Amino acid sequence: MFTARGLYIDGNWHRVANDRSEAVINPATEAVVGEAPVGNARDAEAAIGAARRAFDASDWAIRPMVDRAEVIERFVDAVEARGAEIKAMITSEAGSVQWLTESLQFATPIEHARYAIAEARGWRPVALAPEVSPNFYDPDGPGTLGTGVVLHDPVGVVAAITPYNFPFFLNLGKIVPALLMGNTLVLKPSPLTPFVALILGEIADEIGIPKGVLNIVTGGADVGTVLTSDARIDMVSFTGSDAVGAAIMAQGAPTLKRVLLELGGKSAMIVRADADLASAVADGLANFTLHSGQGCALQTRHLVHNRIRAAYVEALAEAARSLVIGNPADPATMFGPLIGAAQRDRVEHYVEHGRASSARLVGGGRRPASQVRGFFYEPTIFDDVDNSSAIAQDEIFGPVACVIGFDTDDEAVAIANDSKFGLSGGIHSADVGRAYSMAGRLRTGDVSINGGAGKMLSHAPFGGIKRSGLGREYGSGWLHEYAQSKTVLFHAG
Ligand code: NAD
C-alpha cells in the first residue's frame, strides 16, 4: 500500500481538511493501491498563492537558463534513480502492461526531458538583423542603424492538469518545460492516478527545487476549476478530453489565460491496396489495443481498400484473439484492463451503438470470461462501419477498431478528414512517395507512414488541430509554449 505524505505546497507536505482521502484502485485486481489525499478549492488556492510568490518574489524566473537546467537535470536524474518504484506505480494505478510501462510510459518522457534540458542549455537571445532608418528631419543627415534582440521570458504561474492514461509521461512533460523556462507550476493529476504525481513531489523535495516553484494538489473538477479561473494563474497546460478542454478555455477566458490544450482523437489509418498486409495488421492491432485503447493518438478508424478489406479484417481478428489478456503485474501480459467501471460502461455503451448500427461485429464485444476481477474488455472489431456513425465519430477510449472500406485515395483522404478531431494518422503503402503526398493532405497533427519511426522521437513536436487541441508539446517549439518573447531594441551605432 502506498502512503502519500499529503499535498505538496510551498515546499511542505500539507494535510487536507478532515484528512479527506479516497482509495486508488488497481484496475486489474480491484485491490486498493493506497488512500490518496483529496484536495479541495482551498488547497488549490494555497498552491496558487505559493506558486505566485515563488514567481514574483524569488529569483527562479530571472536565474540564467543554465542554472535552472542544472536543477532540472538533477530532478530528472533522481526520477530515473527511482524508476523501478515509479514504473511499478504506473502499472498498478494506471493498469499499464509492463512492456508499455518500460517504453512509452517511462523511457519516452525521460528522453523528452533530456532533449528539453539540452535545448535549454543552448538557449540564447535571438539577434535581429539590422535595418537602416532614414533621417526624417534631415534627408541628407545621418541615418540610424538599428537592431535588437528577442529575449524569452517565462509566462508566469502555470496550472498543469493531466489525465489518467499516461500519468508519469504527461506530468513530467509539463513540469520539465515549464520550470526550465522559469515559470512556477501547480500540477493537478487525475484523481484516478494521483500517486505517480505525488512521488514526483517527493523527488522535487529531496533534490531541493526551491519552495513554491513546483506544487502538487490532488482532487477533481472542483480543484481544476479553481486552477483555471483564478486571476493569479497566467497559463493552463491541459491534457485530457475535448469536452473538458473546451470548459477550461471558457473558465480561463475572463482572465485571458494562455492555454495549451492536448485533447482527444479519433485518428485514421489508411491501408492502400498495395500495402504489406502483415505489417498493416500488426500496426492496426497496436493502434486499437495499446493500453486497452486508452491512448489519444491511437488510429482506431482503419480505412482499408475494399480489394483487401476482407483479408485485413480476418487477419486483424485473428491477431486480436492471440493477445494475452491479464494482470499487468505479469510481464507476459500484453493486454490489460480499462481504468475503471465508468470507462468500461462507456465502451459497452458504444459497442451497443455499433451493434444497433449497420456495422458488423467481427470480434470481441464482451468482457473476457477469463478475468473474474478488474475492468477488462475484449479487443473489439467492427467492419463495414459508416464513418458518420457514433462509433466512428466519437472518441471511445477503449479497445474498439472501426474498419471502413474505400476505393480511391481521394475517398480515403476525405473519410480520414471527416472527423471533428485531428491528432494523428497513418498510411500503409508500398508506394512511399504517394503515401507522403497523401500525408500532406491529411488534416491532422502527425502522420506515420508504414508504422512510423519505430518510436515517438525525442525531438518530434506533437499535438492536434480541430477538437484535438491547440499548441505543440515536445520538439523544438516545446519551450516556446511556456515562454513569451520580449524585443529589446537599440542603436547599432
Ligand atoms: P478528462 O478530460 O476527463 O480529465 C482530465 C483532467 O481534467 C483530470 O485531471 C480532471 O480531474 C480534470 N478536470 C475535469 N473537469 C475539469 C474542469 N471543469 N476544469 C479543470 N479540470 C477539470 O480526461 P481523462 O478521462 O482523464 O483522460 C482521457 C482523455 O485524455 C481522452 O480524451 C484522451 O484523448 C485525452 N488525452 C490526450 C492526450 C494528448 O496528448 N492529446 C494524451 C493523453 C490523453
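Residues numbered from 1 in each chain as written. Predicted model: local features only at pLDDT ≥ 70, side-chain atom pairs only at ≥ 80, totals over all residues. Heavy atoms only, no water.

### Notes on the sheet that holds strand β16 (residues 380-383)
Cut-off, in case you're wondering: Two strands pair under a simple rule: DSSP has to find at least two bridges between them. Helix numbering and strand numbering both begin at the N terminus, where a helix is a DSSP run of H or I of at least 4 residues and a strand a DSSP run of E of at least 2. When checking whether two residues touch, look at their non-hydrogen atoms; a contact exists if any pair is within 4.5 Å. Lines fitted to C-alpha atoms define the axes here, with helix axes fitted over just the stretch in contact, and angles between the N-to-C directions of these axes take values from 0 to 180 degrees.
Strands sit in the order β15-β16-β17-β14-β13-β19-β20 across an open sheet of seven strands; the sheet is mixed. If you trace the sheet from one side to the other, it starts and ends with β15 (360-363) and β20 (448-449), each paired once. As judged from the four bridges shared by strand β13 (residues 268-271) and strand β14 (residues 301-305), these two strands associate in the parallel manner. By the bridge assignment for β14, A268 is matched with R301. Contacting β13, β14, β16, β17 (400-406) and β19 (425-428), helix α9 (residues 277-289) crosses the sheet at an angle of about 170 degrees to β13.

### What about the pattern of salt bridges?
Definition in use: Salt bridge, as used here: a side-chain nitrogen of Lys or Arg that lies within 4 Å of a carboxyl oxygen of Asp or Glu. Each residue is placed in one exposure class: buried if its accessible area under a 1.4 Å probe, protein chains only, is under 20% of its type's maximum, exposed if it is over 50%, and partly exposed if it falls in between.
With the rule as written, the count across this model stands at 34 salt bridges. Here R82 makes a salt bridge to E206, at a shortest N to O gap of 2.9 Å. Taken as a pair, R82 in the loop between α2 (65-81) and α3 (83-94) and E206 in helix α6 (residues 195-207) lie far apart in primary sequence, 124 residues in all. For R82, a relative accessible area of 17% puts it in the buried group.

### Side note on unusual backbone geometry
The phi torsion at N18 lies on the positive side, around 55 degrees, for a residue other than glycine. Secondary-structure assignment places N18 in the loop between β3 (12-14) and β4 (21-25).

### As for the site of the ligand
Inclusion rule: If even one non-hydrogen atom of a residue comes within 4 Å of a molecule or strand, that residue is called near it. We define a polar contact as two N or O atoms separated by no more than 3.5 Å, with the added condition that, inside protein, one atom must be a possible hydrogen donor and the other a possible acceptor, whereas residues neighbouring each other in sequence contribute only through side-chain atom pairs. Three residue categories are used. Nonpolar comprises Ala, Val, Leu, Ile, Met, Phe, Trp, Tyr, Cys and Pro, charged comprises Asp, Glu, Lys and Arg, and polar comprises the others, including Gly.
Residues in close proximity to the ligand total 29 residues, the closest being T162, K188, S241, L263 and E395. Side-chain polar atom of Q251 to a nitrogen atom of the ligand: 3.1 Å apart, as the coordinates give it. One of the backbone nitrogen or oxygen atoms of L263 is found 2.7 Å away from a nitrogen atom of the ligand. Sorting the residues of the shell around the ligand by element identifies α7 (221-229), β11 (235-239) and α8 (242-252) as the ones contributing at least two each. Taken together, the residues that form the shell around the ligand break down as 15 nonpolar, 11 polar and three charged.

### A closer look at the packing of α2 against helix α5 (residues 167-180)
Basically, it comes down to this: In what follows, roughly perpendicular refers to angles from 65 to 115 degrees, roughly parallel to angles under 35, roughly antiparallel to angles over 145, and oblique to any angle outside these ranges. Throughout, a crossing is termed right-handed when the near helix is turned clockwise from the far one, and left-handed when it is turned anticlockwise from it by less than a right angle.
Running from amino to carboxyl end, α2 crosses α5 at an angle of 160 degrees, the nearest separation of the two axes being 9 Å. Judged by the angle between their axes, α2 and α5 are roughly antiparallel. The chirality of how α2 crosses α5 is right-handed. Contacts from M65, R68, A69, I72, F75, V76 and V79 of α2 reach α5 at F168, L172, I175, V176, L179 and L180. Classifying every residue of the contact of α2 with α5 by side-chain character gives 12 nonpolar, no polar and one charged.

### As for α3
The following threshold applies: Here a helix's expected span is defined as the number of its residues, less one, multiplied by 1.5 Å.
Taking 1.5 Å per residue as the helical rise, α3 with its 12 residues ought to reach 16 Å, and the 16 Å between its terminal C-alpha atoms agrees with that figure. The element α3 is largely enclosed, with a buried count of nine among its 12 residues. Note on α3: the residue one or two positions beyond its end, G95, has a positive phi of about 70 degrees.

### Some details on a nonpolar patch on the surface
Rules: Candidates for patches are residues over 30% relative accessible area with no salt bridge; among them, like charges are joined within 9 Å and nonpolar side chains (Val, Leu, Ile, Met, Phe, Trp, Tyr) within 5 Å. Note on areas: Shrake-Rupley with a 1.4 Å probe; residue coverage comes only from the protein chains shown.
Taken together, the side chains of M1, I25 and V32 make up a nonpolar region of the molecular surface, amounting to roughly 290 Å² of accessible area. Mapping M1 onto the fold places it in the segment before β1 (2-3). We classify M1 as exposed; its relative accessible area is 74%.

### Let's talk about the packing of α2 against α6
Packing of α2 against α6 brings their axes to within 10 Å, and their N-to-C directions diverge by 125 degrees. Taken together, α2 and α6 sit at an angle that is classed as oblique. Of the two possible hands of crossing, α2 and α6 adopt the one that is right-handed. Residues V71, R74, F75, A78 and V79 of α2 touch α6, and the partners they reach there are L200, I203, A204 and I207. Taken together, the residues of the contact of α2 with α6 break down into eight nonpolar, no polar and one charged.

### Side note on the packing of aromatic side chains
Basically, it comes down to this: Each Phe, Tyr or Trp ring, with Trp reduced to its six-membered ring, pairs with another whose centre is within 6.5 Å; inter-plane angles below 30 degrees give stacked pairs, above 60 give edge-to-face pairs, and intermediate values give tilted ones.
According to the stated counting rule, one finds eight aromatic pairs in the structure shown. Ring geometry for F2 and F195: centres 4.7 Å apart, planes at 50 degrees, overall tilted. With F2 in strand β1 and F195 in helix α6, the pair connects residues that are 193 residues apart, well separated along the chain. Side by side, F2 and F195 carry an identical accessibility label, which is buried. Here Y8 and W13 contribute two aromatic rings whose centre-to-centre distance is 4.9 Å and whose plane-to-plane angle is 40 degrees, an arrangement assigned as tilted. Since its relative accessible area comes to 3%, Y8 is described here as buried. Here W13 falls in the partly exposed class, since its relative accessible area comes to 22%. Taken together, the ring pairs connect F166, F169, F462, Y474 and W478 into an aromatic cluster.

### Observations regarding the nonpolar core
Put simply, the rule is: We define a nonpolar core as any set of buried Ala, Val, Leu, Ile, Met, Phe, Trp, Tyr and Cys residues linked to one another through side-chain atoms lying within 4.5 Å.
By size, the foremost hydrophobic cluster in this structure holds 68 residues, and its most contacted members are F75, F168, L179, L180, L185, F195 and I209. The residues touching F195, leaving out its near neighbours within four places in the chain, are F2, A4, V24, V33, G34, E35, A36, M89 and E93. One finds L303, V400, F406 and A435 within the second-largest nonpolar core, a separate group that totals 27 residues.

### Let's talk about the sheet that holds strand β5 (residues 32-37)
Read across the sheet, three strands follow the order β1-β5-β4 without closing on themselves; strand pairing throughout is mixed. Each edge of the sheet is formed by a strand with only one pairing partner; in this case those strands are β1 and β4. As paired elements, β1 and β5 share two bridges and run parallel to each other. In the sheet register, T3 faces β5, and the bridge partner there is E35. Packed on one face of the sheet, α3 meets β1, β4 and β5 and runs near 90 degrees to β4. The sheet strands contacting α6 are β1, β4 and β5, and the helix crosses β5 at an angle near 60 degrees.

### Topic: helix α14 (residues 432-441)
Selection rule: In this description, one arc is meant: the one made by directions from the helix axis to the C-beta atoms.
Taken together, the buried positions of α14 are A435, M438 and A439. Viewed end-on, α14 has its buried residues packed into an arc of 110 degrees, placing them on one side of the element. What points out from α14, more than 90 degrees from its buried face, is the exposed set Y436 and G440. Residues of α14 that are buried in the fold lie against β13, α13 (409-417), β19 and β20.

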